[in-house]
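Topology and contacts: notes
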There are 2 protein chains.
Amino acid sequence: MAATILDVSRLCGYSKATVSRAFASPDQVTEKTRQKVYEAARALNYTPDAIARAMVRGRTDNIGFVIYEKQYPVVLNPFYSPIFESVLQTCARKGYSLFISSDRDLRLPNGQTCVKKQMDGIILAGQSDAQMVMDLRRQNMPVVVLNNALDVDDLTCVTTDQYGGALLAMRHLTERGHRKIGLIAGAFSPHVCTSRYNGYCDALREIGQTIDFRFVQTIEPTAEQAMQCASMMLSLPDRPTAIFCTNDTIAVGTMKAALRAGLCIPKELAIAGFDDSEISHLVEPELTTVRVDKATMGRLAAERLIAQIEGAPPQKQVIQTPVELVIRQTT
Amino acid sequence: MAATILDVSRLCGYSKATVSRAFASPDQVTEKTRQKVYEAARALNYTPDAIARAMVRGRTDNIGFVIYEKQYPVVLNPFYSPIFESVLQTCARKGYSLFISSDRDLRLPNGQTCVKKQMDGIILAGQSDAQMVMDLRRQNMPVVVLNNALDVDDLTCVTTDQYGGALLAMRHLTERGHRKIGLIAGAFSPHVCTSRYNGYCDALREIGQTIDFRFVQTIEPTAEQAMQCASMMLSLPDRPTAIFCTNDTIAVGTMKAALRAGLCIPKELAIAGFDDSEISHLVEPELTTVRVDKATMGRLAAERLIAQIEGAPPQKQVIQTPVELVIRQTT
């Protein structure tokens with residue numbers, strides 16, 4: 001028969017409430033109390049029953065991190081993994097644990113979105129839609145949207161300055177004298193794609209350049225696809241002298257295509273990426289890219305969600321974290 | 001007042017047990033039953049109460065993935081993130097969710113290891129010790145150890161052929177004619193370090209070469225540290241003609257140092273890595289490395305743990321997943 005909190009309380013002489021506090025919030029009891037409680041617990045082989053605690057409080061202290069299926073292996077995604085890590089850290093600091101799943105895991109066979117696991121709120125990352133948010137709210141589930149912007153009442157969305165980042169990278173290329181600039185764009189969510197594409201177009205417009213659609217390609221954002229696409233673009237007789245890639249994985253694939261074609265980077269081909277992923281300073285030459293403040297994105301999303309879980313009224317807001325251009329060796 | 005399972009049961013006409021099953025194990029009821037249950041649930045805004053379910057079953061269907069603090073941001077660690085993803089997939093297939101934490105999160109102020117969150121078992125990844133395993137077992141917590149080998153009764157450890165992998169890479173270098181081969185080793189756990197170091201030494205012994213300790217360095221496994229270390233090694237007048245790096249991040253740093261020193265890879269310096277991380281085929285030239293079957297490691301650890309949770313007796317066993325050499329362009 002397992003020991004209960006009452007057994008521990010009897011043995012150490014403190015109340016049940018104090019024993020409970022010694023485990024749940026160790027910093028709220030004195031060092032001496034903690035020691036006595038832990039000693040008694042150790043002697044009895046007692047550990048607090050987390051399930052029972054959750055039942056009593058009606059809260060689980062768990063948060064779900066739900067990512068769009070195509071970006072799914074969040075831990076392998078160079079853009080989302082640092083965001084996820086920041087969410088994880090923020091949650092841990094505030095006493096919450098994190099579940100990962102893809103949006104598909106939340107769908108019932110009838111298409112409804114249903115939360116089967118124990119959690120107090122959800123961060124919806126990547127492609128998401130208003131219906132999903134509404135379904136979750138119907139289950140009294142607070143939601144914050146990450147890296148997307150949805151027009152839903154009382155909904156907080158945390159994203160980054162997608163348009164401004166693209167404009168920064170493109171202006172840098174035009175200031176370096178480039179006129180024929182290619183675009184290799186990843187097939188991301190409409191919010192991300194459209195904003196970055198508009199930045200590309202507006203920068204060309206600023207220098208009176210019309211868009212050459214042979215130089216504009218949309219691909220699945222893998223290094224392999226990027227290599228293939230860049231190889232084709234670079235084999236055109238009047239090939240671009242610079243390529244703007246809408247993420248760093250695409251930029252790395254483009255670099256490989258250029259190096260294999262014997263082109264010198266940046267002298268014969270300039271390349272700019274987006275995200276400032278880990279890879280951007282591991283490749284040689286190191287990649288010029290747009291730095292996205294992933295740590296802040298993750299922290300803000302977690303903080304806003306936890307505030308709602310703890311009673312703050314939800315707010316309609318789109319938060320855009322600022323971007324900056326990191327000039328390295330490929331431009 | 002929130003709807004209960006009884007309300008749903010009344011409205012759809014099925015028993016409480018059937019309603020419960022329609023949510024917990026949708027594939028165990030017919031399509032028609034599911035539809036009726038979900039319709040009733042939707043009409044009443046009912047969702048199953050996961051906490052109450054866990055309470056009744058005495059199980060949480062949650063598993064902890066605990067990683068050694070220094071390797072902690074598991075989602076940013078190129079070796080552990082694919083393992084973690086495989087654990088996650090295996091758990092999801094079997095109906096379990098996964099928590100991430102570092103070993104520090106589990107330590108009480110008295111040094112004891114304590115599980116505060118709701119979970120049914122734990123995968124201990126990276127550096128871990130027998131005391132930790134014993135502490136967890138005292139809380140009736142099944143444990144499987146990942147990427148380490150501990151001598152503890154009834155303990156299953158899932159690791160890879162660390163020694164054999166190092167030997168493969170080194171023999172490949174000696175077969176290419178190299179005699180002066182450097183070693184840049186990451187400061188990993190004793191299990192990993194010692195095995196890979198022994199592989200290095202034994203391969204040199206096979207060709208009658210004594211170890212030149214100026215060519216053997218241990219560093220924190222970052223690209224920056226590797227670059228620095230490789231630069232120094234390459235500036236020696238009788239520098240090595242090949243370097244074996246005990247992971248791919250170190251190998252990439254070594255590549256950067258070589259390229260910046262104007263050396264042609266592999267003609268003037270051959271480089272071999274370990275792990276076959278994502279980065280190894282993104283860099284140019286692509287990296288020769290030892291492939292570790294991370295998917296199988298993750299799957300086996302999760303399967304063995306879940307079997308124990310579901311009643312299988314624990315077994316003392318060290319499982320070594322096989323390795324293979326992937327020859328690319330750096331050797």
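What counts and what doesn't
Residues numbered from 1 in each chain as written. Chains lettered and ligands numbered in written order. Predicted model: local features only at pLDDT ≥ 70, side-chain atom pairs only at ≥ 80, totals over all residues. Heavy atoms only, no water. Phe/Tyr/Trp six-rings, centres within 6.5 Å; stacked < 30°, edge-to-face > 60°. Helix = DSSP H or I, 4+ residues; strand = E, 2+ residues; numbered from the N terminus. Buried < 20%, exposed > 50% of the residue type's maximum accessible area, 1.4 Å probe, protein only. Axes fitted to C-alpha atoms, helices over the stretch in contact; angles between N-to-C directions. Left-handed = near helix turned anticlockwise from the far one by under 90°. Contact = heavy atoms within 4.5 Å. Nonpolar A, V, L, I, M, F, W, Y, C, P; charged D, E, K, R; others polar. Pairing = 2+ DSSP bridges. Core = buried A, V, L, I, M, F, W, Y, C linked by side-chain atoms within 4.5 Å.

With that out of the way, let us pick up the packing of aromatic side chains. All names here are of chain A. Under the defined criterion, the tally for this structure stands at eight aromatic pairs over all chains. Aromatic pair Phe244 and Phe274: ring centres 6.5 Å apart, planes at 50°, arrangement tilted. Of the two residues, Phe244 is situated in strand β8 (residues 242–245) and Phe274 in the loop between β9 (270–272) and β10 (289–292); the sequence distance between them amounts to 30 residues. Here Phe244 falls in the buried class, since its relative accessible area comes to 0%. Judged by relative accessible area, Phe274 falls into the buried class, the value being 0%.

Before going further, it helps to spend a moment on the packing of helix α7 (residues 162–175) of chain A against helix α8 (residues 190–206) of chain A. Residues and elements named next belong to chain A. Packing of α7 against α8 brings their axes to within 7 Å, and their N-to-C directions diverge by 35°. Every pair of crossing elements has a handedness; the one defined by α7 and α8 is right-handed. Of the residues in α8, those in contact with Gln162, Tyr163, Ala166, Leu167, Met170, Arg171 and Thr174 of α7 are His191, Val192, Ser195, Arg196, Asn198, Gly199, Tyr200, Asp202, Ala203, Leu204 and Glu206. Partitioning the contact of α7 with α8 into residue classes produces eight nonpolar, six polar and four charged.

The next point concerns the sheet that holds strand β8 (residues 242–245) of chain B. All names here are of chain B. Reading across from one edge, β7-β6-β8-β9 is the order of the four strands in this open sheet, with parallel pairing throughout. What marks the edges here is a single partner per strand, and that holds for β7 (216–219) and β9 (270–272). Each adjacent strand pair in this sheet contributes to an overall mean axis angle of 15°, direction not counted. Across three bridges, the pairing between β8 and β9 is parallel. The partner of Phe244 across the bridge, within β9, is Ala272. The strands touched by helix α8 (residues 190–206) within the sheet are β6 (181–186), β7 and β8, with β6 carrying the most contacts at an inclination of about 175°.

The next thing to look at is the nonpolar core. By size, the foremost hydrophobic cluster in this structure holds 96 residues, and its most contacted members are Phe244(A) and Phe244(B). Phe244(A) has contacts with Ala166(A), Ala169(A), Met170(A), Leu173(A), Ile181(A), Gly182(A), Leu183(A), Ile184(A), Tyr200(A), Ala272(A), Gly273(A) and Phe274(A), leaving out every residue within four places of it along the chain. In this structure, Ala223(A), Val252(A), Ile265(A) and Leu263(B) belong to the second largest nonpolar core, which totals 52 residues.

For the rest of this paragraph, the subject is the sheet that holds strand β6 (residues 181–186) of chain A. Residue and element names in this part refer to chain A. Taking strand neighbours across the sheet as the criterion, the four strands line up as β7-β6-β8-β9 in an open arrangement whose pairing is parallel. If you trace the sheet from one side to the other, it starts and ends with β7 (216–219) and β9, each paired once. Along the sheet, successive strands turn relative to each other by an average axial angle of 15°, direction set aside. With four bridges connecting them, β6 and β7 associate as parallel partners. Opposite Leu183, over in β7, you have Val216 as the bridge partner. Running at roughly 170° to β8, α7 makes contact with β6, β8 and β9 of the sheet.

All names here are of chain B. Within the fold, Gly273 resides in the loop between β9 and β10 (289–292). With 29 residues separating them along the chain, Gly273 and Phe244 place their C-alpha atoms 6.2 Å apart. The contact partners of Gly273, leaving out residues within four places of it in the chain, are Phe244, Cys245, Asn247, Asp248, Ala251, Leu287, Thr288, Thr289 and Val290.

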